[in-house]
Amino acid sequence: MEAVHDHDHHQPAGLMRYVTTTNHKDIGSMYLWFSFVMFLMGGVMALVIRAELFQPGLQVVQPEFFNQMTTLHGLIMVFGAIMPAFVGFANWQIPMMIGAPDMAFPRMNNWSFWLLPPAGILLAGSLLAPGGAGGVGWTLYAPLTVQQGMGMDMMIFSIHILGMSSIMGSINIVTTILNLRAPGMTMMKMPLFVWTWLITAYLLIAAMPVLAGAVTMTLTDRHFGTHFFNAAGGGDPVMYQHIFWFFGHPEVYIIAIPAFGVISEVIPTFSRKPLFGYASMVYATASIAILSFLVWAHHMYTVGMPVEAQLYYMFATMLIAVPTGVKVFNWIATMWKGSMSFETPMLFAQGFLFLFTIGGFTGLVLALTPVDIQLHDGYYVVAHFHYVMVAGALFAAFAGVYYWLPKWIGRMYDERLGKIHFWLSIIFFNVTFFVQHFLGLAGMPRRIPDYALQFADWNMVSSIGAFGFGFSQIFFLYILLKAIKSGEKAPEKPWDGATTLEWTHLPTPAPYHSFETPPNLKD
Amino acid sequence: MASDTSKLENRQTLKKLVFIAILMFGFGYALVPLYKKICEVTGVYSLTKPDEVVNTQVDESRSIVLEFDANSRNETGWEIIPLENRKTVHPGELVQVTFKLTNPTATTFEAQAIPSYGPKEAGQYVKKLECFCFTQQKINANETRDFPVVLVIDPELPKDVTTVTLSYTMFEIEVKSTTENRQASLRERQS
Ligand code: HEM
Ligand SMILES: [Cu+2]
């Protein structure tokens, strides 16, 4: 424990401590709490959607408001909940896992976080603008975006700010990983979580500016007389889709890859075996990242592409299943003959593995052009991306929180309650989303407030599941608060299978300043 | 904490990464001309160009119902209608149809017509030789004008297609003050 010193940095107390902090642990916590608040807000919007869809007909909200709910729900969950959650993990864990004292640019780190609350307020506040928020879907397709009220401008600015925050955060993460590793921590010795974040950060730096460009073009089309997407002036709305999805497909891996990283830490720990095929995991992740820039038009099979292009995008998309398959294989091989135990983090990792793989398979189904032309913009797609984003990314985030909570706060969560949270989540998740496959196959379109009678039964089931899932997450909040207030004191190393630096070289809870002198890991 | 050399290293990494971010922002914009170019080269983007007709063999054995339709957008106040709603033609035959545009307002407009087809896939078999959609049109105040369209249905049109719809949407080319102009002229029209 020689790495730990007692420093008396003079810092303001109370709220000002958090406004001015440059400490990666404070900033990590703020990211995670911000993300949780946004998660609950996006969740309430999801419940408005599901309440309206409980029965056919219009009962709860007007169609315009319904569209604003689907739009904001998507944007808030993607940019406000999932992405900041994993940046929160990155902040807490990366310095501790590579033996660095803090992030490379602590002050910029503070800025990256504090850009988020104004962006979140702008995004949610667009509901109060005259005419409400944009009701255009999270993909912000032109030319609809050109015809919205000022709520749309607020959303565009919000995306600019969120993008800036992500890019700054990513620059910080890449620099930290490349330059601040402890002596002996070679690239190929880095924990896989660190590797996945290095790759994700590059994806973010390459993809977010393209989204920023797309929404800037929308903005200038709206107000400054440009005609990028406005057919009236020779613009082309289909071009918007190309630019958006050039960002959009890498974005889904920006969400998924850090989740892969968390899972790659949790499964070996609770199998008490090193990760199977470490190097192949690194290469698989990198090839997923590269391929993700080459398949975007699989979201656009119905725009009227030449058949050669459809064939290319179909095969290129299916190719991604190969490195993804390598990863799933390696996780399973890690557990093979391991001495496994099923504490809450491992349960969520198992849930991830099982359900994310289903999401991957439905992705393959959607990659098939003739099939997708039938299923596009329907509930099958909605089911697909909730399997990869909720049961994938969100479950991985839950696994990560339960796994690292003892290290962060020095207290244990209630194992029994954690397991209940897992079972409630996985059951209600499937009640909500599995049935949406049936709805999609039967032809129910997405983003509509009303539907034909034959879809009534499964929609009712799905809505019941959604409310169950929502309340299970309030229960999660209770588990967290209980652990923070009165959790049992955590042992130094609650998970005997853990091998990364934060568990082997630092006390529990992790001190405010860690690795001020780097650990020596040579030999 | 971080030594001076590592600070320098960090700053260099920062510069490189910021450069990539700026480059990618530019790349987003570069996609615009790139996209147009790719469409041009592959022939996808030919909405506003005359088609070349290679095979003008008239296929007397088939008849196709051609339907015409036209709309205007942006609450411009103009009306555009085809003089005939439908026509039965043979593939390969030269077809002429006239669209009539009336601008009852006291304002001059620049407009662009964009064609679309039903079924969508039939579009590539509708070969337009002459069309008011090839260029932007200036429409004077209170003007009424006839626009001829000359086209040929490609005999390669798949056998199962028996009806093809050609629809034009007349867009106003937006100038800065269009909205005010339009509102003023609409007010005029109402009074
Ligand atoms: C084997 C891997 C995957 C394949 C083959 C795949 C394939 C596809 C395809 C073809 C679509 C378009 C469906 C349509 O709109 O008609 C789609 C949609 C989508 N996918 Fe995936 N996907 C995969 C993994 C993922 C992952 C890991 C995520 C995110 C974590 C994800 C998130 C999404 C989202 C958000 C959409 C819907 C976008 C929208 O229209 O709003 N996918 N996927
Ligand atoms: Cu995709």
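Residues numbered from 1 in each chain as written. Chains lettered and ligands numbered in written order. Predicted model: local features only at pLDDT ≥ 70, side-chain atom pairs only at ≥ 80, totals over all residues. Heavy atoms only, no water.

Caption draft 1: The arrangement of the overall build of chain B in detail. Counting secondary structure elements, chain B contains two helices and nine strands. Reading chain B from its N end, one meets helices and strands in the order α-β-β-β-β-β-β-β-β-β-α. Residues counted as buried form 41% of the 191 residues belonging to chain B. For chain B, the accessible surface area stands at approximately 11,000 Å², while carbon and sulfur atoms represent 53% of it. (Helix = DSSP H or I, 4+ residues; strand = E, 2+ residues; numbered from the N terminus. Buried < 20%, exposed > 50% of the residue type's maximum accessible area, 1.4 Å probe, protein only. Areas by Shrake-Rupley, 256 points an atom, 1.4 Å probe, with all protein chains shown as cover.)

Caption draft 2: Region of the structure containing the coordination of the iron atom of ligand 1. All names here are of chain A. Inspection of the coordination sphere of the iron atom of ligand 1 shows a single protein donor, His 384 (NE2), at 2.2 Å. Between the iron atom of ligand 1 and the copper ion (ligand 2), a spacing of 4.6 Å is present. Of note, His 384 is situated in helix α13 (residues 379-409). (Donors = N, O, S within 2.8 Å, 3.2 Å for Na, K, Ca; no water.)

Caption draft 3: Examining the nonpolar core more closely. Counting 185 residues, the largest nonpolar core has Phe79(A), Phe86(A), Trp197(A), Trp331(A) and Phe352(A) as its most contacted members. Contacts of Trp197(A), omitting those with residues within four sequence positions, involve Phe86(A), Val87(A), Ala90(A), Ile94(A), Ile173(A), Ile177(A), Leu204(A) and Pro258(A). (Core = buried A, V, L, I, M, F, W, Y, C linked by side-chain atoms within 4.5 Å. Contact = heavy atoms within 4.5 Å.)

Caption draft 4: Looking closely at the confidence of the model for chain B. Residue and element names in this part refer to chain B. When pLDDT is averaged across chain B, the result is 82; 83% of the residues are at 70 or more. Within chain B, the element-level pLDDT minimum falls on helix α2 (residues 178-190), averaging 49, and the maximum on strand β3 (residues 86-89), averaging 92. Low confidence marks residues 176-180, where pLDDT is under 50. Its contacts with residues over four positions away, or in another chain, come to one contact. Across the interfaces of the predicted complex, the ipTM metric reaches 0.87, alongside a pTM of 0.86. (pLDDT = per-residue confidence, 0-100.)

Caption draft 5: Fine view of the coordination of the copper ion (ligand 2). Residue and element names in this part refer to chain A. At the metal site, the copper ion (ligand 2) is ligated by His 249 (ND1), His 298 (NE2) and His 299 (NE2), and these contacts range over 1.8 to 2.0 Å. Mapped onto the sequence, the residues coordinating the copper ion (ligand 2) show the spacing H-x48-H-H. Relative accessible area serves as the criterion here: at 6%, His 249 is assigned to the buried category. We classify His 298 as buried; its relative accessible area is 11%.

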